[in-house]
Every structure is written in structure tokens, then in C-alpha cells.
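Observations on the three-dimensional arrangement
Chain residues, written in single-letter form:
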Amino acid sequence: MLPKSVSKIIGDLAAADVKDLSISGLQAILSTAAATDDLNALECNTSDPLWNVSIQYLHAQQCFLTTCLIQKASTPDGDDLINLPEQTNFVLAVDRIRQFTLNLYLPKQLRGLTRCDLRLAVQLEPEERIRRLRFCLEAFRRMFETKIIALQSKLENCILDYVAGVFGYSFLCGGSTEQSEQLGELFESFGQFSLEVLFKSLLVIKGTPNLPLEVAKQVHRELLRLTGEAGGFPVLCKTLLCNVPSDETPTWKKSEIIGKIVGSKGHTKKFYRQVLRDCFSFYEVSLFNEGAGKENLAFASTCIECLKQIYLLPPAYEELRSTIKEYFLGRFKELVEPSETLSGTILLERSQLMAALYLNYMAFSGSTCASLNSGILVPYVRVFLELYSMIPKEVEERQYLQTLIVFCLANRERSELESIVEALMFSNEQQELMKYLHPRINLKTVEDSSATYTLQIGPERSSSTDEGSLGPVLVEILKDANRNLLIYDVFVIMLKLFDRVSMNDTSKTILNAEEQDEARCKLFLQKYALIQALMELVNHKQFHSQLYENPAEILTFIRSMLLRTLEKGQTKEDLLEVVLSIFQEYLQRLHTRDDVREIFRLLLRLRDSDWCSTQLKSQIDVICSNSSGTNHGRDNLEVSPYQNALSLCSDSEPYCKVYGTTLMLRLLKERDKETLANKHAILILALNNLRNVESYAFLNSVRLLVALCDCLEAETLEALVKEYQSGENEVDYRLKVGEALVKTVEAVGPIAFRYRELLINCFLNGCGSSPDEFRASSLANLGNVCRILSYQVHHFFYEMFLMIKSVIETDRFLPARRAAILVLSQLVEGMDNLLTFQDYLLAVYRFLKLIVETERDEVTRLQASVALDHLSAKTKDFLDITAQTSRLEKEIRIFGIKEQQAEERRLIKGDSDSILKKLLD
């Protein structure tokens, strides 16, 4: 057939009016072409004119495709070219040919899927219908073998009829083995189409009313096969979730349908693995794509719903669960077990961390339709808390971390929540519940901008192993989240945990004295962290409504503690003091309840017992006396001097804090019973007030800490040391704590000698910290403490000398080097006996000489010279004293010899006189 003739047929068919396209009209178009003889030569021996015309047009369609429309590539690797001017006519003509060929012979259940403008119909025997359908399908299969034609979006109706025809032909054949080979070729031709068009066609067929069951099953299997191929899952989601005006099904319902399709049992492992890969990639694209917002969120929610359904599969599919966990949490494994521990190695940049957190945030709490099981996050809650404490406050990542932590804690059972809170509050290396952020991971800002940072390997963090260091962080997150039910549960758990920790007796299990001291220090830090957390939560006003609405559990705990004390005497006094201090106002406001009255009776019995201390009796008297009157309403409750001072100290205005602190100092000086009973609360309050930026408020807080040392000496110093060493606190606050600690030690005076090990180790540890100002402050504080201790620090001299030497040799911060040499000069000046330091004098002398000769800084050289002068003077004094002592010993020795000889002569003379006298007689 000549190209011109075929081109004329296709052109005339595309240009003809639809109303004129009857059988006669179609024959007229063919008759006008010069190739009528070639067309008549085809197999047109039937008496049906419509079928004869159909055969001729299908042949013309294929001839136009190969001769006029497509230009084959000259090389095997090249792409075929399409004739653009002829493309429009061809697409329109093919769509019209489809209407009187392929569409006309489809099974009646599959008709009406596409639009047909031609009004034609045939009545045939089943065998003839199958034969004609097979002929049409084969003709269109040959056309779709050309990839560029199969991908034409305007041929969607042709593709839909073709796909429907393949399934209809398979149904009409009834699974005949004779047609299996041809059916295989037809199904393989589906690979020529784009997945979007193919999915859309299959879903349209599946939604056809009265579809035969066998066809529905076959279409379903084909849908699953395509979903399990690479890229199939995203196309399925986009096809089902597309906004169709006539479809009123909500998006969440469609997401559930997709989730049930891919998350049901019975698929192959290959299917699940490919779906997970596609789901992960599609989830990331949906979240980070800057396109349509609502549509992308719908796609992301669908991905989460599918992952949720797969995660809920039986234990036999544990591999899939592990894959999901690895995808969401594997990004943080590098922070737990770094593959490279070389200092300076960057593990995560801010963009990477933010992306990982956002992926988890949307998966577990960001979607309103679906979310994954929050139990997946439990092992990494501690890592999230540590990251929250490290990341600058103004960045967005903190909000993601806070939401993840709160969401995880709020969805736990009480028993599981108890284990999590204990693991967060205390460091326990044997506990496998929690992952720990690697102690050498540090946050480093770039170009002095807190918004740009990296997580990299560096020196070990000082707070990585501190007991209770994450307690304040957890409390801060709970208060900001404003989840009162969760706060109540955590509060009760911490209360019971404090009871258990306080009753822990380490002396029965530890024999070594050093281990005993270490255990006591650890126990104190645990108790301090719990007291601080409990006081912070009690002072959170939004939590009070929940606390007063559900008092039964707390009152039962207090009652059981008092009964245990009265019956077995097991509760320690510090536990009772703290608990009664926390719940004093709570008990007074609930005094009308029967269980509270029972608690008051138990308190009176406890007060009358022989072993109750005077301070505990005073505390019980305050509680019971304030609860015995008749005016106990919240509005009529009389404010005590202590409560008045406490309220003023807690005020946000600096002048109120100062006045309240003055009143509190007066009450401590007067030994007020209620004030002494609440000394732990005053300690927490004083530490919080140290953060005030006003200098006079800060100085009054220091005075309050000094006054507390009269009744709470050890706890005050240890609490200050803990706050100073905590890397979670801001540098400015730690500097203030250091100043307060030195002033407190100075006020304590000579008694501070028994805390010298605690104080010196604290400041030595600070000398190796990363902030420059904090390092210089630690050195200055170390010198002040040594001065206060009258330089009775010879046991720690060599360790201090090595630290000072390291700072001077390696530190680039000039004030730190100056502070270090000043401390060394003061230590040398404070030496009282050179014999005690004889092993270190030569090293100190050589080091000072080296500084004098090589140091560039004039001030450092001057301090080294002063230290050398001190050492020289002390050496001369020591040698002079030694020489005088030697001469004195020599004179004594000589004088002793002369006296002995004179005594001997006297004895000899006496003997001779007695003999002479006897002879004369």
C-alpha cells in the first residue's frame, strides 16, 4: 500500500464528522483512496461489510504506522522518531478505529468502559466473536510494540479497551491450553505501557459492575504483580488517591484499602521487600517534595498506613519488622556505635539529623490518619533526650525530638513506663532497654552560628555518665508538652523510685571502702536528681488540677510509707523529710478526706515514737498544726512566714526575689521549724535563682546557699558540684555556680577540709572542659579552693601540676594559661614543708625555667619568675634551717662527749680517794 494512500485514509478518517461515520461512510473513505485494490486483496470474504471494513482499517493503521509515522533509528541504541505533523491525525484515527473494531467485540460486561461516539452494534455467535476479538487484539498488539506509540497519553482509551479485551478473551477462552501461548504474548505486551496507564486501566476494570469472578481474580493478581514490581507501589498510591470529582471516598479510607492490599498475609518475600523499598523511597519523596502540600501529605500518610499494616503481620514476618526498624532508627545507630572514633570525624550534619528526625516525626506523630507503633522508638528515647539537651534551643529539631519523646512515653503501659523513666533517670550499663549516645559525640557549631552545627567525635562529655543528668531535661519536655496525665504518671513513678532508692543500703553488698564511697556518691546524685524533678513537677501549676483530682494513689503511697515506718522502722528520715516537704500543702488542702485524716493520725504516732528526730518532729508539728483548725479553704488558708518567703523567692521580679531571700535568711537564722523542715526545697529554689541575670538577686542566692550549710552542709556542696559539672547546663550558669561554690566553701571555713577531694576533683575536671571561659574559671576556682584549704593539698599536688602543665603547653586560650601559671605560683608559695614535695620539686623547677625562657606572653613569664623566686626562697630557708639543725646536733654531740669524760674522771678520782683513805686507816 502506497504511503500517500494510507496517509489519505488516516487523514480523512480523522477529519470526518462522527455523524457520517456509518458503514457506508467508512467504505466511502476507503473508496477514495488509490489503494482500494490492495485493501480488497485482504481476507474480506465474509458477508459482513462491517467486519470487512474493520480488517481494511486495521491494515491501513499498521501500514501508516510503519511507513508514515515512525522513522526507525539508524543504530540499535538509538531512539525511534515520530512524525509530529501526522501524530494528531493518527491518534484520532486510531481512537475511531478502536470504536468499531476492538470495542465492538468485547464481552458485554466490559463494554462501556470507554467513550464511544459511533453507534454500531453486531450480533455474533460466541465462536465468531472470539475469533474477531483475537484478530483485533493481535492488530493492536502489533501497533503497541512500538514503544513511542504505547506511551502516548491520548491513547488511554485504546489501551483500556485493549487491556479489557485481553482479560475478556482469556475469560471467553475458559483457560484453553490451545490459546495459552497467544494469551502469554498478549499479557507480555502490558510491559510496553506506562505503569500509570496500566494501573488506571486495571482499576477501572476491577470496578466494573457485574464483573465475572474469574476476571476479577485475574485482574487482582495482575494488580498485585505490578505492585510488587519496582516502582509499582507509588503508582498504585497516586492512581487510587487522585482527586476524582465523582469519587467521594475519603482519603483515609483509600489509604486503608491500599494498606490492606500490600499488608495482607500470603504475598511472597520478594513482593514484601520490593514494596518496602518503594514505600520508603516514595515516603521520602512525598515529605521532601516542594510541590502540592496536601497531596504529598496524603501520599505520606498512605505510606505510613502500609508500613503499619506490614508491621502488624505475625511473628513469622519478623524480617519485615526489622527492615522497618532499621529504616527509621538505623540513621541514629551511628550516634550509638560510631564506625569511626577518630577525633574530628563528622557523624551527622544538621541537615542529615533534621531529615532523620522529620521522617520519624511524621511516621510516629505527624500524621492525623495513621502512625507507626511507638514501641519502635523506646530503645532510642534516651538518645533523643541527650540530643535534645545538646541542640541549641532556637532550632526546629528540638520540637521534633520533644514530640517523639512525649508520644512514645504517653503510649506506654504503666509497668513499661516505670522501666523507661528509671532508665532515663539513672545510668545503668547492664540495662539493655535503652541505647546510649556515645560519650565522645559532641555538638560543634560552625562559623559561630548555632543554626549550623555538626555532630562529631571529640573528647568525652563530662555529663555522659552522670546520675540523673537527664532528669531536668525530661521535666522540661513534660512541662512544655502540657500533657497532665503523662506528668501525673511520671510524677508517681518518680515518687516510688525515690522511695526505693532511699531504702537502698549499699553497705551490705560493697566491702571495699573506695567502692563504698563511690556508691554513696552515686546514691546521693540519684536522690538529688529525683528531689529536683519532683519539686519541679509539683511547682508546675498546670499539673495541680490533675494532682488534686486523683489523690488516691499518692495518699496510698504516703500512708503505706508511714505504716512501714511505724511497724518495721524501715523508712529513713531523709525520705520522710523530703516526702512531707513536697506534700505539706497538698495534705493541708485535702484535710477533710478520711484517708488524709488517717495520715495525720499516723504522723502524730510517728512524732511520739522514741526514734523520731527533733527536726522530723518539728516538721510533723507544722503539718498537723496547720491542719487542725477550721479555716482550711484555699482562700482562707493562713500564709505562714515560710510560705510567704517561698512565694516571694519564686516570683519573677528580681526585687521580690531579693526580699524573699532576705526573709528566708532570717527564718533560717531563727531556726524556724517549717523552714528547716523544707530545707531541701529551699536548696532547689536557691539553685534555680542562681540563673537570675540580676547581680543582686544572684548574690542573695549565694547568701542563701551559705546559710543552708548550717543545716544541710554536705547536700548543698554536693548539689553545687553536680550543677557545676553538668554539661547540660549553660556555660553562664555553670560559671555562676562555680562562684557560688567558692563563696560557700569560704563561708564554711576550716570544716571544708573534709570535702577537699570532692572540690579539687570537681575543678580539675573543669580544667579539661571545652568552653574556654569555663576552663579559665575552673583554674581560678581551683586556686581559690587551695588557698581556703591553706594549701593542705599535697596528696593532689602532682595531679594538679600535670593538669597545669598540660594547659600551659597545649591551651591556645591565653587567660587559661595565665590562670594556670598563677595557680602553680600560689601552690609553690603555699608549700610549708619541702620534704613533703621532694619528689616533684625538680620537675616543677625545670618547668618554670622552661616557661621563663620560652614563653612569649609577658604576664605568664612574670608569674613563672615569681614562682621561681618563691621556690628559691623556700629552698634557702629550708637549707638554712637544716644547717642550723646540723650545727646544733654537732654541738650537742661534742658537749655530750666532754661531759662524759669529766664524769669518768670524777668517778676515777672518787675511787682513788676512797682507796687511799682505806689504806691510811
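On a predicted model such as this, the values are computed, not experimentally measured, just so you know.

Turning next to the overall build of the chain. On a plain count of helices and strands, the chain comes out with 43 helices and five strands. For the chain, with 921 residues in total, the buried portion stands at 49%. Of the contacts made within the chain by residues no fewer than 6 positions apart, 71% connect residues no fewer than 24 positions apart. Taken as a whole, the chain presents about 45500 Å² of accessible surface, with 50% of it coming from carbon and sulfur.

The subject of this paragraph is the confidence of the model for the chain. Across the chain, pLDDT averages 80, with 86% of residues at or above 70. Across residues 629-637, where pLDDT falls below 50, the model places 10 contacts with residues more than four positions away in sequence or in other chains. With pLDDT under 50 throughout, residues 911-921 is counted as low confidence; its partners more than four residues away or in other chains account for zero contacts.

Looking now at the state of the cysteines. This structure, assessed with the given rule, holds zero disulfides. Here C237 stays free of any disulfide, with the sulfur of C306 as its closest cysteine sulfur at 5.4 Å. On the basis of relative accessibility, which here comes to 0%, the residue C237 falls in the buried class.

Moving on, we come to the side chain of N360. By secondary structure assignment, the location of N360 is in helix 18 (residues 350-366). Each residue touching N360, except ones within four places of it in the same chain, is listed here: F328, L329, F332, S365, L377 and L404.

Residues E514, E515, E518 and E757 make up a contiguous surface patch of negative charge. Counting residues per element, the negative patch draws most heavily on helix 24 (residues 513-538), at three residues. For E515, the position within the fold is in helix 24. Exposure remark for E515: the relative accessible area of 42% places this residue in the partly exposed category.

With glycine set apart, most residues show a phi of negative sign, and most peptide bonds adopt trans. For N210, which is not glycine, the phi torsion reads 60 degrees and is therefore positive. Position of N210 relative to the elements: it lies in the loop between helix 10 (195-206) and helix 11 (213-227). The class for N210 is exposed, based on a relative accessible area of 71%. Its identity is not glycine, yet N482 carries a phi of approximately 60 degrees, on the positive side. Along the chain, N482 turns up in the loop between helix 22 (471-481) and helix 23 (484-502). Classification of N482 as partly exposed rests on a relative accessible area of 45%.

Our next topic: the packing of aromatic side chains. Within this structure, the stated rule accounts for 34 aromatic pairs. Geometrically, the ring pair formed by W51 and Y105 is edge-to-face, given 5.5 Å between the ring centres and 90 degrees between the ring planes. Of this pair, W51 sits in helix 4 (residues 49-69) while Y105 sits in the loop between helix 5 (84-100) and helix 6 (126-144); the two residues are 54 residues apart in sequence, bridging distant segments of the chain. Exposure remark for W51: the relative accessible area of 2% places this residue in the buried category. Take Y105: its relative accessible area is 0%, and that puts it in the buried class. Following the ring pairs from residue to residue traces out a cluster consisting of F140, F144, Y162, F167, F187, F190 and F193. Its guanidinium or amino end placed over the ring of Y388, R398 lies 3.9 Å from that ring's centre, counting from NZ or CZ.

Reading the values: the criteria
- Residues numbered from 1 in each chain as written.
- Predicted model: local features only at pLDDT ≥ 70, side-chain atom pairs only at ≥ 80, totals over all residues.
- Heavy atoms only, no water.
- Helix = DSSP H or I, 4+ residues; strand = E, 2+ residues; numbered from the N terminus.
- Buried < 20%, exposed > 50% of the residue type's maximum accessible area, 1.4 Å probe, protein only.
- Contact = heavy atoms within 4.5 Å.
- Areas by Shrake-Rupley, 256 points an atom, 1.4 Å probe, with all protein chains shown as cover.
- pLDDT = per-residue confidence, 0-100.
- Disulfide = S-S within 2.5 Å.
- Patch = residues over 30% accessible without salt bridge, like charges linked within 9 Å, V, L, I, M, F, W, Y side chains within 5 Å.
- Salt bridge = Lys/Arg side-chain N within 4 Å of Asp/Glu carboxyl O.
- Lys, Arg positive; Asp, Glu negative; His and termini not counted.
- Charge placed at Lys NZ, Arg CZ, Asp CG, Glu CD.
- Phe/Tyr/Trp six-rings, centres within 6.5 Å; stacked < 30°, edge-to-face > 60°.
- Lys NZ or Arg CZ within 6 Å of the ring centre and 35° of its normal.

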